[in-house]
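# Chains, contacts and geometry: an overview
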Amino acid sequence: MLDSKDSLSAEPQLKHEIEKTRDMSDTLHPSTSLHDGSMMETQDTRNGQFHRSFSPRQVHIISLGSNIGSGVFIATGQALASGGPGNMVLAYGMVCSAVWAVLQSLSEMTIAFPVSGNYIDYADRWVDPALAFGAGFAEWLAWSAIVASEAGFFNVLVQYWAEGSLPLAATVTIFLAVCLFVFLLPNKAFAWFEYITSIIKIFLFLLIIVLALALVLGAGPNGYVHHGETWTDLPPFLNGFTGFANCALLAVWAVGDQVFIGIMGGEAESPRFSMAHATKLVPFRVNFIYMVSIAFITILVPSNDERLLSGSGVAASPFVIAVQDAGIPVVPSILNAGMICGVLAISAEGVYLSSRVLRTMAHQRLIPEVLAKVDSRGRPRWALVITSVFSAILSYIQLASGGLTVLNWLIAISSASFFTNWGIIAFTNWRFHCALKAQKDQLFTEIYGWKSTFWPTAPAWLMLVSLMLLACCVGCGVKPVGGLTFTAENFFQYTLGLWVIAGLTLAYKIIFRTPWRDPKTADCITGRRTLGAEEIMVLDRYYEQPWWRRFLTYVQLW
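Residues numbered from 1 in each chain as written. Predicted model: local features only at pLDDT ≥ 70, side-chain atom pairs only at ≥ 80, totals over all residues. Heavy atoms only, no water.

## Digging into the packing of aromatic side chains
This is how it is decided: The rule is short: rings of Phe, Tyr and Trp, with Trp giving its six-membered ring, pair when the centres are within 6.5 Å, and they are stacked under 30 degrees, edge-to-face over 60, tilted in between. Helix and strand definitions follow DSSP, with helices as H or I runs of at least four residues and strands as E runs of at least two, each counted in order from the N terminus. A 1.4 Å probe rolled over the protein chains alone gives each residue an accessible area, and that area as a share of the maximum for its type sets the label: buried under 20%, exposed over 50%, partly exposed in between.
Considering all chains together, one arrives at 21 aromatic pairs under this definition. Arranged with centres 5.1 Å apart and planes meeting at 80°, the rings of W192 and Y195 form a pair that is edge-to-face. A residue pair is termed a helical-turn pair when its members lie 3 or 4 positions apart in one helix, as W192 and Y195 do in helix α7 (residues 187–216) at 3 residues. For Y195, a relative accessible area of 9% puts it in the buried group. Their ring planes at 80° and their centres at 5.4 Å tell us that F491 and F492 sit as a pair that is edge-to-face. A residue is classified by how much of its surface remains accessible, and F491, at 18% relative accessible area, is buried. One aromatic cluster in this structure is built from F133, F137, W140, F390, Y508 and F512.

Encoded structure:
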């Protein structure tokens, strides 16, 4: 794999070169190209175009902070209680390793074809339109449900201070107003919103790690040095395979499916720069920072602590439990404020991603094409409206009796769709390589061409993890955690997402008789982006910098 040669010191010059060539590339017909030394990007502009609103600096920071929300802070407590420290470490390690495979598989397609909608578009052009429809609908429904679930969690966080003085309807309304207002503005407003909230989440996570280390060493009025008694005095593996399976599914919920970064790459000013950078940065953030946090959690909090099962509130967070046990004041409120920022950011990501997926499906004519229209500010208006209204309806369902049950089923769809789509990404990546080979396309030999490290290791590992998570999903459906007996309701709650994707894909295939894409004729033209002389010169200068300067671009926060 060629070095990504990422550096932010020359970002203003890169931005200038991209702006200079954007006007030319925006007017290209799918069958035309530029050969005058400018960046060539063949586009299908019949429904308008997104603006490349994300600068390399913003993609860098958002990549660091993306997917840090309620799942990371709260789901870790449920995982510890259901699986024990041993199962938790193994499960989170497996899921975190899949993040590397997801980004490796996704990035080599995104860098060459930076289209918004990302792997939904790729599944259509290199596999089958029916698969794109099933995966796209499940992804749209999953992230819309996440917006609704975060609305409920926002209420819990606010009530930590309000103590019941604010009704649920008021907190949900405030949440939706803040979350959706940003989409009334140009895309750059969303980019800056995610940028700022990501910085807050990054510092919160750093605070948590430093604080956790101090607590392990006995900090706090009631603190004491922890010697690993949570591993030795209690069983490290609870509930057998079911315990591991439940931890793995909660880890998927906490880590997220990471396709948000790929979708964002489709609207980045320099996809080659930003995606190559994120592909190295995000797996490090997930595998190192997340796993360090998990290790501290298993040392600080025993798996039989009843507070871990006290609900979905801030009090159930193992970080808060550890701070309270050490007798340290104020910190829980700081964590609560940071979690609120995380919830709002994840929800905005959900609306953004869902609307882009819906727009891509419409642009590919998988659903009515009127939903694909993009306005002059680069916003998919109808896709945003439909996604916002649907997310708001799901959020207000919580006000009704039994609404929480409906929401839990939708969350189950989200978790299942995440790892199912991981498998789809792995298979699509393999078909992508088949198309390049069949057409003798020299994509990876082009200057600064980007290919997955040790291909096909990444898609193969991603497919293996996806199959393992499929077994976990079915296992939890057949044998619930805690030794409960099998029920049809529990089984379908865990596996509903699988049935939705499989059912929609099969139905679409039968009704519309969609073609299985032939690698020899698959579309390797539309949306393709080739670097021109200007950006190549900038990347050359990046590479000429010393290694330590390039390394700093992965840790700097400005």
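## Notes on the packing of helix α6 (residues 168–181) against helix α13 (residues 331–363)
Using the following cut-off: Fitted lines through C-alpha atoms serve as axes, helices being fitted only where they are in contact, and the angles separating the N-to-C directions of these axes extend from 0 to 180 degrees. An angle counts as roughly parallel when it lies under 35 degrees, as roughly antiparallel when it exceeds 145, as roughly perpendicular when it falls between 65 and 115, and as oblique in every other case. By convention, the crossing between two helices is left-handed when the near helix turns anticlockwise from the far helix through less than a right angle, and right-handed when the turn is clockwise. A contact between two residues is defined here by any heavy atoms of the two lying within 4.5 Å. Throughout this entry, Asp, Glu, Lys and Arg are counted as charged residues, while Ala, Val, Leu, Ile, Met, Phe, Trp, Tyr, Cys and Pro are counted as nonpolar. The remaining residues, Gly among them, count as polar.
The contact between α6 and α13 brings their axes to 9 Å, and the two run at 55°. Taken together, the axis directions place α6 and α13 in an arrangement best described as oblique. As α6 runs across α13, the sense of the crossing is right-handed. In this structure, α6 contributes F175, V178, C179 and L180 to the contact, and α13 contributes V343, L344, S347, A348 and V351. Across the contact of α6 with α13, the residue classes tally to 8 nonpolar, 1 polar and no charged.

## Structural notes on helix α18 (residues 533–544)
The following threshold applies: For a helix, the expected span equals 1.5 Å multiplied by the number of residues minus one. Each C-beta atom gives one direction from the helix axis, and the arc is the one those directions make.
Helix length check: α18, at 12 residues, gives a terminal C-alpha distance of 17 Å against a target of 16 Å (1.5 Å per residue), a fit within 8%. Within α18 the residues assigned to the buried category are E535, I536, V538, L539 and Y542. Along the long axis of α18, the arc covered by the buried residues comes to 160°, so they all point the same way.

## A word on helix α11 (residues 271–300)
Under the convention used in this document: Bend is computed residue by residue as the angle between axes fitted to the seven residues ending at the residue and the seven residues starting at it.
For α11, which comprises 30 residues, the first-to-last C-alpha distance of 41 Å matches the rise-based estimate of 44 Å (1.5 Å per residue) to within 8%. Taking the largest bend as the criterion, α11 deviates by roughly 30°, centred on A278. For α11, the buried fraction is high: 23 of the 30 residues fall into the buried class.

## Observations regarding the side chain of D121
Here is the rule: A 3.5 Å cut-off defines polar contacts: any pair of N or O atoms within that distance qualifies, except that in protein one atom must be a possible hydrogen donor and the other a possible acceptor, and neighbouring residues in sequence count only when both atoms are side-chain atoms.
Here D121 lies in helix α4 (residues 119–126). Among the polar contacts made by the side chain of D121, one reaches the side chain of R125 at a distance of 2.7 Å. Setting aside anything within four residues of it in sequence, one finds D121 in contact with V115, T360 and Q364.

## Re a nonpolar patch on the surface
Using the following cut-off: Residues enter patches when their relative accessible area tops 30% and they take part in no salt bridge; the joining distance is 9 Å for like charges and 5 Å for the nonpolar side chains Val, Leu, Ile, Met, Phe, Trp and Tyr. Surface accessibility follows the Shrake-Rupley procedure with a 1.4 Å probe radius. Residue values consider only the protein chains on display as shielding. When a carboxyl oxygen of Asp or Glu lies within 4 Å of a side-chain nitrogen of Lys or Arg, that pair is called a salt bridge.
There is a patch of nonpolar side chains on the surface, built from V370, W382, V385, V389 and I393 and spanning about 460 Å² of accessible area. The exposure class of W382 is partly exposed, given its relative accessible area of 46%.

## Details of unusual backbone geometry
Cis peptide bonds are those with omega within 30 degrees of zero, and the linkage from W455 to P456 qualifies with 10°. For Y448, which is not a glycine, the phi torsion comes out positive at approximately 60°. For Y448, the position within the fold is in the loop between α15 (403–438) and α16 (457–478).

## Points about the environment of A507
By the element assignment, A507 lies in helix α17 (residues 488–512). Along the sequence, A507 and A130 sit 377 residues apart, while their C-alpha atoms lie 8.3 Å from each other.

## Points about the packing of helix α12 (residues 318–326) against α13
Running from N to C, α12 and α13 point in directions that differ by 165°, and their axes come no closer than 9 Å. Our classification of the angle between α12 and α13 gives roughly antiparallel. Crossing handedness for the pair α12 and α13: right-handed. On α13, the residues touching F319, V320, V323 and Q324 of α12 are V331, P332, L335 and M339. Tallied by class, the residues present in the contact of α12 with α13 amount to 7 nonpolar, 1 polar and no charged.

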